[in-house]
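Residues per chain are reported as follows:
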Amino acid sequence: MATPHISAEPGDFAPDVLMPGDPRRATRIAETVLEDARLVTEVRGVLGYTGTFEGRPVSVMASGMGVPSISIYATELYRFYGVQRIIRIGTAGGMARHLELGDVVVATAAHTDSSVSANRIPGGIHYSHVPDFGLAAAAFAAGQATPGAGVHAGPVLTSDVFYADRPHVTQALTDHGTLAVEMEAAGLYAVADRERAKALALVSISDFTFQAAELSAEEREQLFDRAVQIGLAAFAAA
Ligand SMILES: O=P(O)(O)O[C@H]1O[C@H](CO)[C@@H](O)[C@H]1O
Ligand SMILES: O=c1cc[nH]c(=O)[nH]1
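Definitions and limits used
Residues numbered from 1 in each chain as written. Chains lettered and ligands numbered in written order. Predicted model: local features only at pLDDT ≥ 70, side-chain atom pairs only at ≥ 80, totals over all residues. UniProt positions renumbered as here; feature names shortened; annotations may be inferred. Near = placed C-beta within 6 Å. Helix = DSSP H or I, 4+ residues; strand = E, 2+ residues; numbered from the N terminus. Nonpolar A, V, L, I, M, F, W, Y, C, P; charged D, E, K, R; others polar. Buried ≥ 20, exposed ≤ 12 C-beta atoms within 10 Å, placed from the backbone. Axes fitted to C-alpha atoms, helices over the stretch in contact; angles between N-to-C directions. Parallel < 35°, antiparallel > 145°, perpendicular 65-115°, else oblique. Left-handed = near helix turned anticlockwise from the far one by under 90°. Contact = placed C-beta atoms within 7 Å. pLDDT = per-residue confidence, 0-100. Pairing = 2+ DSSP bridges. Right-handed = clockwise from strand over helix to strand, strands pointing away.

Taking an unreviewed UniProt entry as the reference, the protein chain is identified by name as Uridine phosphorylase belonging to Cellulomonas triticagri. Of the comments in the UniProt record for the protein chain, the one headed Catalytic activity (unreviewed entry) reads "uridine + phosphate = alpha-D-ribose 1-phosphate + uracil".

Engineer: Could you clarify how one ought to interpret the site of ligand 2 in this entry?
Structural biologist: Residues in contact with ligand 2, as listed here, are Thr91, Ala92, Gly93, Phe162, Val181, Glu182, Met183, Ser206, Asp207 and Thr209. Listing elements by their share of the shell around ligand 2, those giving two or more residues are strand 5 (85-94), strand 8 (180-182) and strand 9 (198-208). Broken down by element, the residue count for the shell around ligand 2 peaks at three residues, all from strand 5. Residues of the shell around ligand 2, tallied by class, amount to four nonpolar, four polar and two charged.

Engineer: What is the right way to look at the UniProt feature "domain: Nucleoside phosphorylase" (unreviewed entry) in the protein chain in this model?
Structural biologist: When the UniProt feature table is mapped onto this chain, "domain: Nucleoside phosphorylase" (unreviewed entry) is found at residues 17-229. The distance separating the terminal C-alpha atoms of residues 17-229 is 13 Å; by composition the span is 35% helix and 30% strand.

Engineer: For this particular structure, what's the right way to read the site of ligand 1?
Structural biologist: Around ligand 1, a shell composed of Pro20, Gly21, Asp22, Met65, Gly90, Thr91, Phe162, Glu182, Met183 and Glu184 is seen. Grouping the constituent residues of the shell around ligand 1 by class yields four nonpolar, three polar and three charged.

Engineer: Explain the environment of Glu221 here, please?
Structural biologist: Checked against the element boundaries, Glu221 lands in helix 7 (residues 217-237). For Glu221, a count of 14 C-beta atoms within 10 Å corresponds to the partly exposed category. Considering only alpha carbons, one finds Glu221 and Arg28, 193 residues apart in sequence, at a separation of 9.6 Å.

Engineer: When you look at the packing of helix 4 (residues 133-145) against helix 7 in this model, what are you seeing that I'm missing?
Structural biologist: Packed helices, taken two at a time, are described by their axes: the angle between them and the distance between them. Where helix 4 meets helix 7, the axes come as close as 8 Å, and the angle between the chain directions of the two elements is 125°. Classed by the angle they form, the pair helix 4 and helix 7 counts as oblique. Viewed along their axes, helix 4 and helix 7 form a crossing whose handedness is right-handed. Contacts between helix 4 and helix 7 involve Leu135, Ala138, Ala139, Ala142 and Gly143 from the first element and Ile230, Gly231, Ala233, Ala234 and Ala237 from the second.

Engineer: What's the story with helix 6 (residues 185-194) in this structure? I'm lost.
Structural biologist: Think of an α-helix as turning once every 3.6 residues; residues three or four places apart then point the same way. By the criterion of burial, helix 6 is predominantly enclosed, with eight of the 10 residues buried. Along helix 6, the residues that are buried comprise Ala185, Ala186, Gly187, Leu188, Tyr189, Ala190, Val191 and Ala192. Residue Arg196 follows helix 6 closely and has a positive phi angle near 55°.

Engineer: I tried to follow unusual backbone geometry on my own but got confused; where do I start?
Structural biologist: When glycine is set aside, most residues are seen to have a negative phi, and most peptide bonds are trans. Its identity as a non-glycine residue notwithstanding, Arg44 has a phi of 60°, on the positive side. Take Arg44: it is sitting in the loop between strand 2 (35-41) and strand 3 (48-53). One non-glycine residue, Glu54, lies in positive phi territory at about 50°. Secondary-structure assignment places Glu54 in the loop between strand 3 and strand 4 (56-61).

Engineer: Just checking my understanding: could you explain the confidence of the model for the protein chain for this structure?
Structural biologist: Atom-level detail of predicted coordinates should not be read off regions where pLDDT is low. Residues with a pLDDT of 70 or more make up 100% of the protein chain, whose mean pLDDT is 95. The ipTM assigned to the predicted complex is 0.98, against a pTM of 0.97.

Engineer: Please explain the pairing of strand 2 as it appears in this structure.
Structural biologist: Side-chain direction in a regular strand flips from residue to residue, so the side chains alternate between the two faces of the sheet. Note that strand 2 and strand 3 share four bridges and pair antiparallel. Its bridge partner lying in strand 3, Thr41 is registered against Gly48. Once strand 2 ends, the chain turns through six residues before running back antiparallel as strand 3, passing Arg44 with a positive phi of about 60°.

Engineer: Teacher, can you tell me more about the pairing of strand 7 (residues 151-158) here?
Structural biologist: Along strand 7, six of the eight residues are buried, which leaves the element largely enclosed by surrounding structure. The pairing of strand 6 (residues 104-112) with strand 7 spans eight bridges and is parallel. Across the sheet, the residue bridging to Val104 is Val151, located in strand 7. As paired strands, strand 7 and strand 8 are joined by three bridges and run parallel to one another. When the sheet's bridge partners are listed, Thr158 is paired in strand 8 with Glu182. Crossover handedness for the path strand 7 to helix 5 (residues 167-175) to strand 8: right-handed.

Set out below in structure tokens:
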């Protein structure tokens, strides 16, 4: 029973799904972290695999970029494939000045300029996009127990605009404690609420909104691997 965007059969996905943005990262996780991973969907090149990690079934599937894209894939996974928990593993631009490159942010809330939740919930409501508390707490604890860069818990901005030129918006959000900017967490959290399912976004700081900074390709992979390990530990503990 394929959906419009996923070609897998019922039972092909594990209840727990790691969701990077980039399909190549999904392949890398499947090949280097999971055991016995097999490709279960590749519609539009958005690759999904299912294997095991330390004996537990786990799937990994890309989300693409932006709230509409992750909303489609998350809805279809929760609604039609029995998926119960999705952890987004992504990158984000650091907004708070105490963050360092490679730090991991457990997104305990996601503010957004996306119209998707406003379209879902009429009446001028400013919807609160929040993760599953158990997953967030487990990820934060796992991050603190994992050697390496810092782990922070706090709000992110999920923006529809990558090339934004609005320093006053960034400043106001930073003044109100926002840690980082990315493009999917709020969409994932709203879909999880609607589908009575669980979700979390774990983002690694790859650059900053307030200064130039570069990571080598190798450093990007290493920081990304750390977030993957934290996500897998959260699945096991929560
Ligand atoms: O690294 P990923 O997970 O793709 O996340 C970030 O990178 C993309 C923008 O370059 C957006 O999808 C943003 O959320
Ligand atoms: O969405 C994103 C991701 C990384 N860095 C940014 O500035 N924005």
